[in-house]
Amino acid sequence: MDIGSRLKELRILKGLTQEELADRAELSKGFISQVERNLTSPSIATLMDILQCLGTSVSEFFSETAEDQVVFGQQDYFKKLDGELLNEIQWIIPNAQKNRMEPILLTLKAGGSTCPDNPHEGEEFGYVLSGSVVIHLGSRSFRAKKGESFYFTADKTHYLTSKAGALLLWVSSPPSF
């Protein structure tokens, strides 16, 4: 564990300058600076004083909980190809079906479509990255092209089609893919 960086992070989160922390802990600003840059190590008693000034305990400071992944790249995506419907779905957030919403990248090949989705509770949002799509919502249809977005409640049968192909960012809440 990088004690200096962790202390600096906590200090900044608390909105304190090095001088303010030093004053509260009855230390010098230079000492705080050296600790944050890992040029010196505080004694256990001094570390406990600093942590108390930062509103945390030694056990909280040293507990290393696994942080949730925030940024995902193509190596994290899960892909599903559907040759019959001429589409490809990429789940761009792994295990998103456990979340309240599920963002995917949907590629519709020329003449492609999605499976009709039965009415359900929830909402659907899409942003057309390239091409154009027709959104079939109950007995009505709507066209969306590159740069346009769409949103609807999922209380009617719904699906998408594309004559020339399209790439979309699609978010479903709750997950339905």
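Reading guide: rules and limits
- Residues numbered from 1 in each chain as written.
- Predicted model: local features only at pLDDT ≥ 70, side-chain atom pairs only at ≥ 80, totals over all residues.
- Heavy atoms only, no water.
- Helix = DSSP H or I, 4+ residues; strand = E, 2+ residues; numbered from the N terminus.
- Contact = heavy atoms within 4.5 Å.
- Buried < 20%, exposed > 50% of the residue type's maximum accessible area, 1.4 Å probe, protein only.
- Arc of directions from axis to C-beta.

The name an unreviewed UniProt entry assigns to the protein is Helix-turn-helix domain-containing protein, from the organism Candidatus Lachnoclostridium stercoripullorum.

S.K.: Sorry if this is basic, but what is going on with the environment of Ala-110 here?
M.R.: Assignment of secondary structure puts Ala-110 in the loop between strand E3 (102–108) and strand E4 (112–113). Separated by 55 residues in the primary sequence, Ala-110 and Gly-165 place their C-alpha atoms 4.1 Å from one another. If we ignore the near neighbours within four places in the chain, the residues touching Ala-110 are Leu-86, Ser-162, Lys-163, Ala-164 and Gly-165.

S.K.: Explain the environment of Ile-92 to me, please; I cannot follow it from the model alone.
M.R.: In this structure, Ile-92 sits in the loop between strand E2 (87–91) and E3. Note: C-alpha distance between Ile-92 and Ile-104 (12 residues apart in sequence) is 5.4 Å. Ignoring any residue separated from it by four or fewer positions in sequence, one finds Ile-92 in contact with Phe-72, Tyr-77, Pro-103, Ile-104, Leu-105 and Leu-169.

S.K.: When you look at helix H1 (residues 3–13) in this model, what are you seeing that I'm missing?
M.R.: One turn of an α-helix holds 3.6 residues; hence residues three or four places apart share an orientation. Those residues of H1 that sit buried are Gly-4, Leu-7, Leu-10 and Arg-11. Viewed along the axis of H1, the buried residues span an arc of 130°, placing them on a single side of the element. Facing away from the buried side of H1 by more than 90 degrees, the exposed set consists of Ile-12 and Leu-13. Of the residues one or two after H1, Gly-15 is the one with positive phi, at around 75°.

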